[in-house]
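# Coordinate analysis (summary)
Here's the letter readout for the chains.
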Amino acid sequence: MYTIASVFVDIIYKCRIWMCLYLVLVLSVFLSITQAVDRSNFKTCDQSAFCSRQRAMKPGQSSYTALLETLELSDSHLTVQLLNNNNKVLLLLELYRLQGNMTRVKINELKPIKPRYEVPDVLITDPPTELMSVVAQDEHRVVLSLGGEDWRLILSAQPFRLDIMEGPQVLLSLNSRGLLAFEQLRIRKDTKSQTDTEEAGEKEDTEKHDKEKVSEREEEEAEEEVDQPGMWEETFKTHADTKPNGPSSISLDFSLPGVEHVYGIPEHADGLRLKNTDGGDPYRLYNLDVFQYELFNPMALYGAVPVLLSHNTHRTMGLFWLNAAETWVDVSSGQGSSEVPQTDVRWISESGIIDVFIMLGPRPNDVFTQYASLTGTQAFPPLSSLAYHQCRWNYNDQEDVSAVDQGFDEHDIPYDFIWLDIEHTDGKRYFTWDNNKFPQPKDMLQGLLDKRRKMVTIVDPHIKVDSSYKIHTEIRSRGYYIKNKDGGDYEGWCWPGNAGYPDFTNPEMRKWWASMFAYDQYEGSMENLYTWNDMNEPSVFNGPEVTMHKDALHGPWEHRDIHNLYGFYVQMATAEGQIQRSGGLERPFVLTRAFFAGSQRYGAVWTGDNAAEWGHLKMSIPMCLSLGLVGISFCGADVGGFFKTPSAELLVRWYQAGAYQPFFRAHAHLDTPRREPWLFGPDNTALIREAVRQRYTLLPYWYLQFYHAQRTGQPVMRPLWVEYPEDIATFSIDDEFLIGRDLLVHPVTDERSSGVTAYLPGNGEVWYDVHTFQRHDGAQNLSIPVTMSSIPVFQRGGSIICRKNRVRRSSSCMENDPYTLYVALDSQGNAEGELYIDDGHTFKHKTDKQFIHRRLSFTANSLSSSDLSPDSQFPTASWVEQVNILGAQKPDAVTLTTDGGESSVEFEFDPDTAVLTLRKPGVNAGVNWTLHLR
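Just so it is clear, the structure is predicted and the values come from calculations on it, not from any experiment.

### Some points on the overall build of the protein
- Scanning the protein from terminus to terminus reveals 18 helices and 53 strands.
- In terms of C-alpha radius of gyration, the protein reaches 29 Å, essentially the compact-globule figure of 30 Å for 934 residues.
- Reported as C-alpha extents along the three principal axes, the dimensions of the protein are approximately 95 × 80 × 50 Å.
- By the burial criterion, 61% of the 934 residues in the protein qualify as buried.

### Describing the side chain of Asn312
- Turning to its location among the elements, Asn312 is positioned in the loop between strand E16 (307-311) and strand E17 (316-321).
- By relative accessible area, which is 16% here, Asn312 ends up buried.
- From its side chain, Asn312 meets the backbone oxygen of Gly258 in a polar contact 3.0 Å long.
- At a separation of 2.9 Å, a polar atom in the side chain of Asn312 contacts the main-chain amide nitrogen of His314.
- In this view, Asn312 contacts Gly258, Val259, Pro725 and Phe731; residues no more than four positions away in its chain are not counted.

### Notes on the environment of Leu863
- Mapping Leu863 onto the fold places it in strand E47 (residues 862-867).
- Each C-alpha atom of the pair Leu863 and Leu896 lies 9.4 Å from the other, and the pair is 33 residues apart in sequence.
- Non-local contacts of Leu863, meaning those with residues more than four positions away in its chain, are made with Ile800, Leu821, Val823, Ser857, Phe858, Val883, Trp929, Thr930 and Leu931.

### A short note on the state of the cysteines
- Under the definition given, this model contains two disulfides.
- Shown here is the disulfide that connects Cys45 with Cys51, its sulfur atoms set 2.0 Å apart. Judged by the sign of its S-S torsion, about -100°, the bond between Cys45 and Cys51 is left-handed. There is no split in this pair, since Cys45 and Cys51 are both buried.
- Between the sulfur of Cys624 and that of Cys635 lies a disulfide, 2.2 Å long from S to S.

### Things to note about the pattern of salt bridges
- Throughout the structure, instances matching the rule amount to 58 salt bridges.
- Between Arg284 and Glu545 there is a salt bridge, with its nearest N and O atoms 2.7 Å apart. Of this pair, Arg284 sits in strand E15 (residues 283-285) while Glu545 sits in the loop between strand E27 (529-533) and strand E28 (553-554), placing them 261 residues apart in sequence.
- For Lys618, the salt bridge goes to Asp750, with nearest N and O atoms at 2.4 Å.

### Examining the packing of helix H13 (residues 614-629) against helix H14 (residues 648-658)
- H14 packs onto H13 with a crossing angle of 5° between their chain directions and a minimal axis gap of 10 Å. As the angle between them shows, H13 and H14 are arranged roughly parallel. Contact residues: Trp614, His616 and Leu617 in H13; Glu649, Leu650, Arg653, Trp654 and Ala657 in H14.
- Residue composition of the contact of H13 with H14, grouped by class: five nonpolar, one polar and two charged.

### Some thoughts on the sheet that holds strand E20 (residues 354-359)
- Strand order in the open sheet formed by eight strands is E1-E2-E3-E4-E20-E17-E16-E14, with antiparallel pairing between adjacent strands. In this open sheet, the two strands that pair with only one neighbour each are strand E1 (64-73) and strand E14 (261-264). For this sheet, the mean inter-axis angle between neighbouring strands, taken without regard to orientation, is 20°.
- Pairing between E16 and E17: five bridges, direction antiparallel. Considered in E17, the bridge of Ser310 is made with Met317.

### Describing the confidence of the model for the protein
- Here the protein averages 93 in pLDDT, while 92% of its residues score no lower than 70.
- Note that pLDDT drops below 50 for residues 1-34; the model gives that stretch 35 contacts with residues more than four away or on any other chain.
- Under a pLDDT of 50 for its full length, residues 206-222 has, in the predicted model, 28 contacts with residues more than four places off or in other chains.

### Considerations on the nonpolar core
- If you look at the biggest cluster of nonpolar residues, it comprises 170 residues, and the most contacted ones within it are Phe320, Met455, Trp513 and Tyr655.
- Considering each element in turn, this core owes the most residues, nine residues, to H13.
- Apart from residues no more than four positions distant in its own chain, Tyr655 is found in contact with Tyr388, Gln390, Val639, Phe664, Ala666, Pro677, Ile688, Ala691 and Val692.
- With 51 residues, the next largest nonpolar core counts Met132, Leu274, Leu285 and Ala304 among its residues.

### Examining the packing of aromatic side chains
- Counted under the stated rule, the structure contains 46 aromatic pairs.
- Consider the rings of Tyr388 and Phe408, whose centres lie 6.1 Å apart with planes at 50°: the pair is tilted. Residue Tyr388 is found in strand E21 (residues 388-390), and its partner Phe408 is found in helix H7 (residues 398-410); the two are separated by 20 residues along the sequence.
- Take Tyr388: its relative accessible area is 0%, and that puts it in the buried class.

### Topic: the pairing of strand E52 (residues 915-919)
- Within E52, four of the five residues are buried, which leaves it mostly tucked inside the rest of the structure.
- Inspection of the sheet shows strand E51 (residues 906-910) paired to E52 by five bridges, in the antiparallel sense. Considered in E52, the bridge of Phe907 is made with Leu918.
- Connecting the antiparallel pair E51 and E52 is a turn made up of four residues, with Ala914 showing a positive phi of about 55°.

### Comments concerning the sheet that holds strand E43 (residues 799-803)
- Strand order in the open sheet formed by 11 strands is E50-E49-E53-E47-E46-E45-E43-E44-E48-E52-E51, with mixed pairing between adjacent strands. Taken across any chain shown, the strands that pair with only one partner, and hence form the sheet edges, are strand E50 (901-904) and E51. The mean angle between the axes of side-by-side strands here comes to 20°, regardless of whether they run parallel or antiparallel.
- Here strand E49 (residues 894-898) pairs with E50 via four bridges, running antiparallel. Within E50, the residue paired with Thr897 across the bridge is Glu902.

### With respect to helix H15 (residues 682-697)
- With 16 residues, H15 should reach 22 Å at 1.5 Å per residue; the first-to-last C-alpha distance of 22 Å fits that figure.
- Three or more residues of H15 are buried, namely Asn684, Thr685, Leu687, Ile688, Ala691, Val692, Gln694, Arg695, Tyr696 and Thr697.
- Against E21, H14, strand E34 (664-666), helix H16 (699-712) and E43 lie the buried residues of H15.

### Topic: the environment of Arg665
- For Arg665, the location among the structural elements is in strand E34.
- Along the backbone, Arg665 and Gly636 are 29 residues apart, and their C-alpha atoms lie at a distance of 7.3 Å.
- In this view, Arg665 contacts His389, Cys391, Trp419, Trp532, Leu591, Trp606, Ala637, Asp638 and Val639; residues no more than four positions away in its chain are not counted.

### So, the pairing of E49
- Relative to strand E53 (residues 929-933), E49 is paired through four bridges, and the arrangement is antiparallel. If you follow Val894 over to E53, its bridge partner there is Leu933.
- The antiparallel pairing of E49 with E50 creates a hairpin that spans two residues between the two strands.

### Some details on unusual backbone geometry
- With an omega of 10°, the peptide bond running from Trp393 to Asn394 counts as cis.
- Note on placement: Asn394 falls in the loop between E21 and H7.
- Looking along the chain, the bond that leaves Glu537 and enters Pro538 is cis, with omega of 10°.
- Looking at the secondary structure, you find Pro538 in the loop between E27 and E28.
- One non-glycine residue with positive phi stands out, namely Lys849, at about 55°.
- You can see Lys849 is positioned in the loop between helix H18 (844-847) and strand E46 (852-859).
- For Lys849, a relative accessible area of 39% translates into the label partly exposed.

Cut-offs used in this document
Residues numbered from 1 in each chain as written. Predicted model: local features only at pLDDT ≥ 70, side-chain atom pairs only at ≥ 80, totals over all residues. Heavy atoms only, no water. Helix = DSSP H or I, 4+ residues; strand = E, 2+ residues; numbered from the N terminus. Rg over C-alpha atoms; globule rule 2.2 N^0.38 Å. Buried < 20%, exposed > 50% of the residue type's maximum accessible area, 1.4 Å probe, protein only. Polar contact = N/O pair within 3.5 Å; in protein donor to acceptor, adjacent residues only side chain to side chain. Contact = heavy atoms within 4.5 Å. Disulfide = S-S within 2.5 Å. Salt bridge = Lys/Arg side-chain N within 4 Å of Asp/Glu carboxyl O. Axes fitted to C-alpha atoms, helices over the stretch in contact; angles between N-to-C directions. Parallel < 35°, antiparallel > 145°, perpendicular 65-115°, else oblique. Nonpolar A, V, L, I, M, F, W, Y, C, P; charged D, E, K, R; others polar. Pairing = 2+ DSSP bridges. pLDDT = per-residue confidence, 0-100. Core = buried A, V, L, I, M, F, W, Y, C linked by side-chain atoms within 4.5 Å. Phe/Tyr/Trp six-rings, centres within 6.5 Å; stacked < 30°, edge-to-face > 60°. Expected span 1.5 Å × (residues − 1).

Here it is in structure tokens:
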């Protein structure tokens, strides 16, 4: 077996040096990714100059005073100046009372020497404001009304502090620990004399104006600020980060009295509830390509959503820190005043301004609605994208794709999408095909289309520098590449070798990129080809922390300002390209690895390069739950684990868990043995087949949940406390979850498990095992014996769930198949549910109101279907084939009433399970009807 060093020597010996440099680099990257993560490649807070500086501040009296004599109140907001008593620099505080029980706080320099970055495009609109009035004021404080008699915001002057009150209760305090810190932009001291000379006649008028503002500030300063290490340049390993604008970091603390549980700020491979970071590193938000990441670690991963939720039995609130720079979040839990529990949260960002939205709830669903009003809701995906996806790096060629496709049919396992990774391209040139391996891509796609299946190909945002490559020459000629600090095109190493990185922050670049998905531009593409954006953190193999240098330029802005937005913009442009290629008719499907707040508007995410280990299977649950809490419902993990080789048991258990997570894709590393579902023996094939088939039967329910998610912002996969906010027992559970309100899932995630314990919430509620129909009371821990075929799933009593039990080769083949209704009665004998139907792939549900949305209700021994959207219409051939009523009693007769009259319905009753089965009512799924139990 070769060592890494011997492999390098062998390559160099056999090749000429000038031909081998590329091969050596790529091999070094390849070998590194087959090992566990090297944490030394990624910074700790102590190794980050701005984080270290800010964290060195200790809680105490703030150095800032609110100058109440500068207060101005308009119809839309309040402004007041904040004075830094140490250096006499002035900040401008802006307060907004927003519609929907939210408050916005912005803090910026009053007179910066140049503009500071404010995040664009993430908010879907300028949030509408409501009137804010002063109800009391003296020389020490101002009291503002936030609507209603009890809601108040108190602005204290010295030291500066904000408190949001409900009656006598403090809900949240801002800067109560005095950790507001704002490093103002400045001129470097050792360049001042030179700059003064230039002012004598060489600088432009605008530069003179900037210099005058600097001089004014310097005259006001009371103390000479001392430069600290890392303010103007810092080095990590061999990478130097020049900082022409000097230090610019910001920090602010928030105190949450009465709160012990906080959640969110993904992405981290950690438990659902955020941990106390005292004595360790803060949680880091900085999109990075982290190979085979560690578990239970606050280090940054691929995505960053700066949203944190707090929850107790009385209230749920949210904090949205709108900043795209590298950010660290400290969480400290302990006792506040009067021994009341309290959690303190501190945000530290490298640049930009303070722009924070305080979402006051008070219920979990209120916070979801509030956040959705700011950043939008989960995009409504094509129905087929909620089915099963088959992927590996890489399927070899067209014959391989055909063989895998045929294998699913031969083993009677449904699937909807097959995926191609980077090897399908011509030398890692995206928007192309390898002519030897995929000579006829349209024939391949047509073969899939004939079976009503689809394909995804990878399109990454690193572009091979090659003068014969159209994509590269177009981007370069248009000036669309990110620039280095010297103004040339930024280049780094990634899969193609030397690569350029398009500036997706440029709207013209995004527009051009979208145009490349047109069928006449992306040769070989068809309507059943969709897209995967990987490596879009962005990943730069020879860059600092495997990403882009912070002093690279996006127009006037440094990369440090916008880093966490890059993947957001890549997915935005790609999704727009898919929409445009269909003339605006078809819904896109785009998977992204990197993401930010608002990424939910453009498609799906996954949890990146996990490993075939039981711990990674377990961690997929809290990771996706955390994403759902901050708006990104369409989440999944690589089934089986990307790295390493799963045992047959682990693979089966992962399929069983993945079948009940929103994005359901199997994926594997190039270096792992093949693991198509039929390669582990007939017994395991049967177990995997059953798990996948369960997913397909539930597609109507999944589709309904995503319909609601795109309307309301409610998460599809959600923690139990979201639906049971007063049940303390649910607050720390992250090994089970709800799909919508009505399905509770507790996957088996332990090796050789013979049983699990599931908590069934809800005092006075009942739950039904979906496999045996056995009834269980809520508010209990239920011990469940399991075998390899077990997937513990329960349906909530009081719900009605629609399934399609005729599973075919793909979801599209099931379009007109009939429904089976599962009516789970509550303790009062009632139940409610919904059915949603549209064409599954276009925007006509929005543009033309072509959909069916029906309310299903069981009460007083009658089951009825009524129209929830009378002004919409959609023809469907689907009908109600069967109704199973759980927790029922045997009737004497069952009749069906429709507009056509009344008819009798056959039924069976099983006294052992208390299940009443109504066979073939035969009524169309889109009309009004009532079933009477007499």
